[in-house]
Each structure stands twice: as C-alpha cells, then as structure tokens.
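These are the residues of each chain, in order.
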Amino acid sequence: MSEYNTVIGLEVHSELNTKTKCFCGCKNEFGSNPNTHTCPVCTAMPGALPVLNRDAVERAILMGLAVGCRINNYSVFERKNYFYPDLSKAYQISQLEYPLCVGGGIEIEVDGKKKFIRLNRIHLEEDAGKLIHSNAGTLVDYNRGGVPLIEIVSEPDMSSAEEAVAYLQKLRSTLLYVGVSDCKMQEGSIRFDVNISVNKDGEPLGTRTELKNLNSFRAVLKAIKYEANRQIEELEAGRAIVQETRRWDDEKGRTYSMRSKEDSQDYRYFPDPDLIPLDVKPEYIDTIRARLPKLAPQRIEEYKSWGLTEQDAKLLTDEREYADFFEAVLKEFNEPKFVCNWITAEVFKKLNAIEDEEKKIPVNPSELASMLKLYKDGEINQAGARKIFDILWEKGGNPVQLVEELGLKQMNDTGALKEILQKIVADNPKAVKELQEGNEKTMAFFVGQAMRATQGKANPKMVADIVKELIK
Ligand SMILES: [Zn+2]
C-alpha cells in the first residue's frame, strides 16, 4: 500500500485572548457560569448591532505578520448561514472572499528534513456557543458565542501524520510566542480540522474527507493514520471515497461518517450589511508590526551569540515559556551555558515525565538562579543541587536556607577530606592497585566511598584529586 501518497491540509481555529468578544463588550473568559457573559448582540436580539473589536483585528494581524502573511488592506466580514442551537443568530460572522491575511507559511522539520508548509489564509471570525449534554437534556451556554477566533488555513502541503503534527506544534508555539492566544487544548481554545486524501504518483488529487474538531496532537496523529489507511482500503476494494465530514472516536480509535461535506456555496455567504469592510492602512500595519515580540529564530541567533550550540538554542526556544524561563534565570545568574545545561537536562527531564500535552515549568526562575549559583560556586554538589531542585519543583523554597536545613553544604575542606580518604585508601588495597594500573573506572568507587563517609557532601572533584595524590 506504500505506493499511495497522503495529502493533508489543516485548518486551525484559535481563540484570541482579547478582554472582550469580537463584536460586543461581553467578557471573553473561559469557565464562568453559563450565560453570564452575554448581551443582546451575542444572543442575537432583534435590532442589536455588532461593533468590531479593534484588539481582535490587531491580534489577527500580529499572527499574520509572524508567519509572513500579506495583510490585506481591504477585507470583508460575511455571514456564513447555517442553523445550529449553539449559534443564536443562525449565521456566523466570518470572512470568505476577502480575508484579513493571505499567504505566508511555516517551516517544519521532521527526521532532520526541513519542509515549508504554505498558508492559504488567516481570517477572523466569531466562535459559536457550546452545547452541554446532561440528564436534563441538552443545554446551551452562549458565553463562548462571539468570542474572536482566527482560522489559519494551510495549503495541502503535508504528506504524513508526523508532518501534520510538526506543523501544528510549530503553529501553536508561534501563537504562544506572539501571545495572541493561550492555546489551551483542554479548554478548546485551539482546535484542529484535518483535510485528507490519498492518491498515487502522477494521478490527480483524490477525494478528500474532513476530520473535525480534534483537540490534541495525539488524536491528530492517530486519526490521520487511521483515515489514510481507511481510504486506501476503500480504493483497493474498488470503492470510491465519499466527500464527507468524519468524526474521530478516540476511544475506539476510528473515524465515523458524520455528514456529507458541505461546500462554501451551501452556506450562502454574503457580506454582513451591519459591518462595513475593514480598511487597514499600511501605516497602521506598521505600528502593529512594531509590537511583534522576539520570535524563536531571533532568539536562536541571540543564544548562539551567548555561546550556546544551535541544538541547545533550538531546544530552549521550542516553546516561548522555556525561552522566557531561561532568560528570566539569566537575569539573576548570567551564565548562559551553565543555566542551559541545567534546563535542557534536569528541567526537560521533569517536563517529559508530565503526561499532559501542555507542560508548564512550575519553578520560580529566581529560586533556580539562586540554587545554580550555589552549585556553580561549589557550595553544593550535583546530588545536593538535584535535591534542592526537586523541592523547588514541588513547592518552591529558598535554596540558601534549604542548604542549611538539609545539611547539603558541600565538604570543600581538603584536610578533612584527606583524613577520610587516607582511611579509605588503606582499607582498599585491591582498588588502589587497580587504579595504579590505570583502571580509571575505579575512581568512581573512591568517590562513592567518600560520599558515603560524608553523607553525600564531599566535593567529588577534590576527592579525585586527593586520591590521585595519595596513591602516587
Ligand atoms: Zn455580548
């Protein structure tokens, strides 16, 4: 079956983290009591008129600029007409013919291979409310109705589930860098639709199906693999692919037909007569461009100029949170390489152990800076540093006090260490002989013995130096 190509395009819906909704003054806030952030506009009372939120437009433009889009000076809001109980107006305000941003793209890397994924557009629209199914029947919460969304539409440039996930990770990372969305997958503030088809080399594109509202990278990965295989099996069995929208059932690990896929003409789009076309002047775009924060590529260059390797710089800039954390630690302890080593080893090890796809660093950067300083100055050894780090991770604390409380102060007293080691050397003639014969691994034995004799406080480098001296 390997002679088939998989062709994947993605639509990403991302809620913008504005204070208020897209066309009214209601709060844009997740998790409030149902229907407490509603007004005549977002519940579609007759005669209520929308007023466009400038901040939503600016955030959409910021994201467009960050991924190299051209910002259209002229864009139009249209009504996308359909009925569903979570859509009080029976139309969604969106953009079709004239979106706010067009073109641009994102570079991904899978297995060391770089690929540029082109974007078709980014347009601004409003979210719908939410249906809540309960024993009492289905209830509707309109708090989310009218929350500003951007829809980021890629070209069908991805050819595997891994590429699709790499694209989504990069896109999410960019949204977080730009700071226009909080991208909380659990809360649905970022959602993915996958368009997928298969064909053979030299053949025209196959009929595509759409998988709607996936909300985790893992689901995207599994759903694409399943759906590509399903389509290939259908074709191999001599059946045609039906153009349709399919639902991914994560528990059963398969997709189901939901409905035949609608085309844009089914929605009877037309320009919203309540909203005049958007006129975004080039000078205005320039003022927004000036607010773009430092993105990953700039930070990578900066970190390299501080002596970090390209690989480390990339690891640290994978997520804005990591890069911000790294820079916050440096503000109080300016040892880029030393801090980087601790973050890429110890912090990432703990992050990897978190199962959630959204990983947060719970450590206060100044506390880590203070601990690393003690470690670098030889006040504590690596074992002590790790012990304190565990506490900083769990609940935080003052590393200087923790060193005292836990008795972790490293033993840097040459005289005392020498005394201890003289005894160890005298008690272990066999190990001494091995070391004298050049078996360097035996040194670990002496360090281990010294650690045991000092409750783990000995300075391992000093121990090695003294042992070498003693066995000469
Ligand atoms: Zn409202």
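In this report, the structure presented in the accompanying data block is examined. None of the values given here were measured: they were computed from a predicted structure.

**Section: the pattern of salt bridges**
Argument step 1. One pass over the full model with this rule turns up 44 salt bridges.
Argument step 2. Taking the shortest distance from any N to any O, the salt bridge between Glu 15 and Arg 191 comes out at 3.9 Å. With Glu 15 in strand β1 (residues 4–15) and Arg 191 in strand β12 (residues 190–200), this residue pair connects regions lying 176 residues apart in the sequence. Each member of the pair, Glu 15 as well as Arg 191, is classed as buried.
Argument step 3. Notably, a salt bridge pairs Glu 162 with Lys 225, separated by 2.9 Å at the nearest N-O pair. Separated by 63 residues along the polypeptide, Glu 162 in helix α2 (residues 161–178) and Lys 225 in helix α3 (residues 217–236) bring together distant segments of the chain.
Argument step 4. Glu 162 sits in the partly exposed class, given a relative accessible area of 35%.
Argument step 5. Through salt bridges with shared partners, one network takes in Glu 109, Glu 301, Lys 304, Glu 310 and Lys 314.

**Section: the pairing of strand β5 (residues 91–94)**
Argument step 1. The alternating pattern of β5 places Tyr 91 and Ile 93 on one face and Gln 92 and Ser 94 on the opposite face, and all of these are buried.
Argument step 2. Looking at chain direction, strand β4 (residues 78–81) and β5 are connected through four bridges and run antiparallel. In the sheet register, Asn 81 faces β5, and the bridge partner there is Tyr 91.

**Concerning the side chain of Asn 143**
Argument step 1. If you trace the backbone, Asn 143 turns up in the loop between β10 (137–141) and β11 (148–154).
Argument step 2. Reaching out from Asn 143, the side chain makes a polar contact with the backbone nitrogen of His 37 at a distance of 2.8 Å.

What counts and what doesn't
Residues numbered from 1 in each chain as written. Predicted model: local features only at pLDDT ≥ 70, side-chain atom pairs only at ≥ 80, totals over all residues. Heavy atoms only, no water. Salt bridge = Lys/Arg side-chain N within 4 Å of Asp/Glu carboxyl O. Helix = DSSP H or I, 4+ residues; strand = E, 2+ residues; numbered from the N terminus. Buried < 20%, exposed > 50% of the residue type's maximum accessible area, 1.4 Å probe, protein only. Pairing = 2+ DSSP bridges. Polar contact = N/O pair within 3.5 Å; in protein donor to acceptor, adjacent residues only side chain to side chain.

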